[in-house]
Amino acid sequence: MSTIEISALHKSFGSLEVLRGIDLAVEPGEVVCVIGPSGSGKSTLLRCVNLLEEPTSGSIRVAGVEVTDPDCDIDAVRRGIGMVFQQFNLFGHLTVRENVTIAQRRVLKRSRAEAGRIADQNLERVGLAEKAGAYPAQLSGGQQQRVAIARALAMDPQLMLFDEPTSALDPELVGEVLAVMRGLAAEGMTMLVVTHEMAFAREVASRVVFMDGGVIVEQGPPEEVFGAPREERTREFLHRVLEPTRVSETEIGARPAE
Amino acid sequence: MKLSPRRRRLVARVAGYVVFATVILAVAGAADWGRLSESFFRLDIAGSMFPEAITVALRNTVIYTLLAFVFGLTLGLILALMRLSSILPYRWFATAYIELFRGLPSLLVLFMVGYGVPLAFPDREIPGGVYGSVAVGLGLTAAAYMAETIRAGIQAVPKGQLEAARTLGMSHTRAMISIILPQAFRIVIPPLTNEIILLTKDTSLVYVLGVTSTTIELTKFAGDTLNTRVNPTPLVVAGLLYLVITLPLSQLVRGLERRAGRER
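Residues numbered from 1 in each chain as written. Chains lettered and ligands numbered in written order. Predicted model: local features only at pLDDT ≥ 70, side-chain atom pairs only at ≥ 80, totals over all residues. Heavy atoms only, no water.

As for the overall build of chain B
Turning to step 1, where the next piece is worked out: Across its full length, chain B carries 11 helices and zero strands.
Turning to step 2, where the next piece is worked out: Over its C-alpha atoms chain B spans a radius of gyration of 24 Å, topping by over 25% the 18 Å that the globule rule assigns to 264 residues.
Turning to step 3, where the next piece is worked out: The principal-axis extents of the C-alpha atoms in chain B amount to approximately 75 × 70 × 30 Å.
Turning to step 4, where the next piece is worked out: Here chain B holds 264 residues, and 39% of them are scored as buried.
Turning to step 5, where the next piece is worked out: Contacts in chain B between residues far apart in sequence, at least 24 positions, make up 78% of those at least 6 positions apart. (Helix = DSSP H or I, 4+ residues; strand = E, 2+ residues; numbered from the N terminus. Rg over C-alpha atoms; globule rule 2.2 N^0.38 Å. Buried < 20%, exposed > 50% of the residue type's maximum accessible area, 1.4 Å probe, protein only. Contact = heavy atoms within 4.5 Å.)

Quick notes on the side chain of Asp-212 of chain A
All names here are of chain A.
Turning to step 1, where the next piece is worked out: Position of Asp-212 among the secondary structure elements: in strand 9 (residues 207–212).
Turning to step 2, where the next piece is worked out: A relative accessible area of 19% places Asp-212 in the buried class.
Turning to step 3, where the next piece is worked out: When near neighbours in sequence (up to four residues on either side) are disregarded, Asp-212 contacts Pro-37, Ser-40, Val-217 and Arg-233.

Re the pairing of strand 3 (residues 31–35) of chain A
Residue and element names in this part refer to chain A.
Turning to step 1, where the next piece is worked out: The element strand 3 is extensively covered by neighbouring structure, given that five of its five residues are classed as buried.
Turning to step 2, where the next piece is worked out: Of the two faces of strand 3, the one lined by Val-31, Cys-33 and Ile-35 and the one lined by Val-32 and Val-34 are each fully buried.
Turning to step 3, where the next piece is worked out: With four bridges joining them, strand 3 and strand 8 (residues 191–194) adopt parallel strand pairing. Its bridge partner being in strand 8, Val-34 is matched across the sheet by Val-194.
Turning to step 4, where the next piece is worked out: Here strand 3 runs beside strand 9; their pairing, made up of four bridges, is parallel. Each bridged residue has a counterpart across the sheet, and for Ile-35 the counterpart in strand 9 is Phe-210. (Pairing = 2+ DSSP bridges.)

Here's the deal with a positive patch on the surface
Turning to step 1, where the next piece is worked out: A grouping of Lys-2, Arg-6, Arg-7, Arg-8, Arg-9 and Arg-13 of chain B is seen on the molecular surface, where their side chains present a positively charged patch.
Turning to step 2, where the next piece is worked out: Tracing the backbone through its elements, the reader meets Arg-9 of chain B in helix 1 (residues 5–30). (Patch = residues over 30% accessible without salt bridge, like charges linked within 9 Å, V, L, I, M, F, W, Y side chains within 5 Å. Areas by Shrake-Rupley, 256 points an atom, 1.4 Å probe, with all protein chains shown as cover. Salt bridge = Lys/Arg side-chain N within 4 Å of Asp/Glu carboxyl O. Lys, Arg positive; Asp, Glu negative; His and termini not counted. Charge placed at Lys NZ, Arg CZ, Asp CG, Glu CD.)

Concerning helix 8 (residues 159–167) of chain B
Turning to step 1, where the next piece is worked out: Judged by how many residues are buried, helix 8 of chain B sits mostly within the fold: seven of nine residues are covered.
Turning to step 2, where the next piece is worked out: Turning to helix 8 of chain B, its buried residues are Gly-160, Gln-161, Glu-163, Ala-164, Ala-165, Arg-166 and Thr-167 of chain B.
Turning to step 3, where the next piece is worked out: Its buried side turned inward, helix 8 of chain B meets helix 1 (42–49), helix 2 (74–79), strand 6 (81–84) and helix 5 (141–153) of chain A together with helix 9 (172–202) of chain B.
Turning to step 4, where the next piece is worked out: At the C-terminal side of helix 8 of chain B, Gly-169 of chain B shows a positive phi close to 95 degrees.

Quick word on the interface of chain B and chain A
Turning to step 1, where the next piece is worked out: Taken together, the contacts link 17 residues of chain B with 22 residues of chain A.
Turning to step 2, where the next piece is worked out: Three residues, Glu-163, Thr-167 and Leu-168 of chain B, lead the burial of chain B against chain A; their summed loss comes to 36% of the area buried on that side.
Turning to step 3, where the next piece is worked out: Joining chain B to chain A, the criterion identifies two salt bridges.
Turning to step 4, where the next piece is worked out: Here Arg-47 of chain A and Glu-163 of chain B are joined by a salt bridge, their closest N and O atoms 2.6 Å apart.
Turning to step 5, where the next piece is worked out: Taken together, the links from chain B to chain A amount to six residue pairs in polar contact (both at pLDDT 80 or more).
Turning to step 6, where the next piece is worked out: Elements that contribute at least two residues to the side of chain B that touches chain A include exactly helix 8 and helix 9 of chain B.
Turning to step 7, where the next piece is worked out: The dominant element in the side of chain B that touches chain A, judged by the number of residues it contributes, is helix 8 of chain B, at seven residues.
Turning to step 8, where the next piece is worked out: In the side of chain B that touches chain A, the residues fall into six nonpolar, seven polar and four charged. (Buried area = accessible area lost by both parts, 1.4 Å probe. Polar contact = N/O pair within 3.5 Å; in protein donor to acceptor, adjacent residues only side chain to side chain. Nonpolar A, V, L, I, M, F, W, Y, C, P; charged D, E, K, R; others polar.)

Here's the deal with the nonpolar core
Residues and elements named next belong to chain A.
Turning to step 1, where the next piece is worked out: The biggest cluster of nonpolar side chains holds 50 residues, and the ones touching the most others in it are Ile-6 and Leu-192.
Turning to step 2, where the next piece is worked out: Dropping the residues within four chain positions of it, Ile-6 is found in contact with Ile-22, Asp-23, Leu-24, Leu-45, Val-49, Ser-59 and Ile-60.
Turning to step 3, where the next piece is worked out: Counting 49 residues, the second-largest nonpolar core is a separate cluster that includes Cys-33, Leu-173, Val-217 and Phe-237. (Core = buried A, V, L, I, M, F, W, Y, C linked by side-chain atoms within 4.5 Å.)

Details of the confidence of the model for chain B
Turning to step 1, where the next piece is worked out: Mean pLDDT over chain B: 89, with 98% of residues reaching 70 or higher.
Turning to step 2, where the next piece is worked out: Per the prediction output, this complex has pTM 0.84; the corresponding ipTM is 0.91. (pLDDT = per-residue confidence, 0-100.)

Describing the sheet that holds strand 10 (residues 215–220) of chain A
Strand pairing within a sheet occurs via backbone hydrogen bonds; the two strands may be parallel or antiparallel.
All names here are of chain A.
Turning to step 1, where the next piece is worked out: The strand order across the open sheet formed by six strands is 6-7-8-3-9-10, and the pairing between neighbours is mixed. In this open sheet, the two edge strands, each paired with only one partner strand, are strand 6 and strand 10. On average, each strand axis in the sheet is inclined to that of its neighbour by 15 degrees, with strand direction left out of account.
Turning to step 2, where the next piece is worked out: Contacting strand 3, strand 7 (159–163) and strand 8, helix 6 (residues 171–186) crosses the sheet at an angle of about 150 degrees to strand 8. (Axes fitted to C-alpha atoms, helices over the stretch in contact; angles between N-to-C directions.)

Some words on the sheet that holds strand 5 (residues 65–66) of chain A
Residue and element names in this part refer to chain A.
Turning to step 1, where the next piece is worked out: If you walk across this open sheet you meet the four strands as 2-1-4-5, and the pairing is antiparallel. Here the strands that pair on one side only, and so sit at the sheet edges, are strand 2 (16–26) and strand 5.
Turning to step 2, where the next piece is worked out: With two bridges connecting them, strand 4 (residues 57–62) and strand 5 associate as antiparallel partners. Counterpart to Arg-61 in the pairing with strand 5 is Glu-66.
Turning to step 3, where the next piece is worked out: With respect to the sheet, helix 1 is in contact with strand 1 (4–13), strand 2 and strand 4, its orientation differing from that of strand 1 by roughly 120 degrees.

Things to note about the pairing of strand 8 of chain A
Residue and element names in this part refer to chain A.
Turning to step 1, where the next piece is worked out: The alternating pattern of strand 8 places Met-191 and Val-193 and Leu-192 and Val-194 on opposite faces, both of which are buried.
Turning to step 2, where the next piece is worked out: Pairing between strand 7 and strand 8: four bridges, direction parallel. Of the residues in strand 8, the one forming a bridge with Asp-163 is Val-194.
Turning to step 3, where the next piece is worked out: Taken together, strand 7, helix 6 and strand 8 constitute a β-α-β crossover, and its handedness is right-handed. (Right-handed = clockwise from strand over helix to strand, strands pointing away.)

Things to note about the pattern of salt bridges
Turning to step 1, where the next piece is worked out: Per the counting criterion, the structure on display carries 20 salt bridges over all chains.
Turning to step 2, where the next piece is worked out: Residue Arg-146 of chain A is joined to Glu-176 of chain A by a salt bridge in which the shortest nitrogen-to-oxygen separation is 2.6 Å. Of this pair, Arg-146 of chain A sits in helix 5 while Glu-176 of chain A sits in helix 6; the two residues are 30 residues apart in sequence, bridging distant segments of the chain.
Turning to step 3, where the next piece is worked out: Judged by its relative accessible area of 12%, Arg-146 of chain A falls in the buried class.
Turning to step 4, where the next piece is worked out: Counted as one network, the salt bridges with shared partners bring together Arg-47 and Glu-53 of chain A together with Lys-159 and Glu-163 of chain B.

This is the structure in structure tokens:
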């Protein structure tokens, strides 16, 4: 059974159609990286998986459960799906440790001692055990994002969603977050990652999905998508992202001054 | 000689100070300080007001304020949540309530509670006697203001906080209780403290409900003493006692706002 099975997914915001028929399956243990220009619907696709956005039509099954079914207990489904946001979204009024324990206590009803033990394990896993007593505002962006990952992992998810986890970070802090993600992938976690980090996608992904204009343009193993893209749109996007200093003036329609 | 722009600004500022000081001194000089101190600052009359001014009047003022605040805060929180509810009739009710009670004078509401409730429910009465009536009468109005403040506080918590909580499997209610409201209240503590200051002063309206010697508050107490002694000194005493309550509170607000400013 696939971990995620999406078919004919459409999503509109008012008259703007953001997703125009998405079919995608993610198998257990796979790391799928979704790339594409901004506005292509990558984040919306990710947010539909745990129903942060309500699809307009189509079907989404997570571990066999149809999440768009009105009878579906979405809180129960979300418990099994960890999500990491671009803006970290740590709870500012709680310490790092409390951030990692609160859902364990309130949702999974774990005891204080057990939740604390699991929190410490996961903070250890992201290398922040010594920051347990700090408040989020006292941490760097990279540290905050690693806490956010630990917070999600403490719920024992069978699937992790990453929504541009490094896009809000200063360049020198990107590496520490990617390192944690690479470790997770190596441990066999099923991951769906929306990212602009092409090097990460190339190295870690088992499959790369290129989206543009609300549809999946091309997908395949990273060496194929990056090494020999079949579609012109993919080639153009990769050229612009991988070689930004080589984009010529004629490509963007600029005319040199006479 | 032509002045540079910087010199001109300096001259203008000095001229401003001079005018300001002249006006203040002229007003102060024109007043008859001898007669003022004779009638407003009679120490013997002021002395006769104690200790009742503190043990009864000040105490009741504080009690009325706190009761009205607790009632208003509870109702205000409920209204704020209704205002933000996805259920349309709740939103309608909250909006109508807030508009109505923000538009009515506190005195009028207090009257209506004091005289309307016994008429509407002849077999029941508000528990706590005049204390209960004050809590409801002043709290109804305060709730309207606090509802708007709390609503703004809830909306000031970034949307990602709710999303993160829901993503962890929390229900909407659980996320509100554990994640959103604690942060919203941190934001609205300074404006809510301001609301206590306003309520403190509004307790001066309580006399319309008819208070006795044990339930009397500062303004009525001062007014009664003024009538028996035919001298306005009690007003000054009452004023100073109000400041004893309100000045530390405004100091507290300023401190809290400074702290909030630093955290951001």
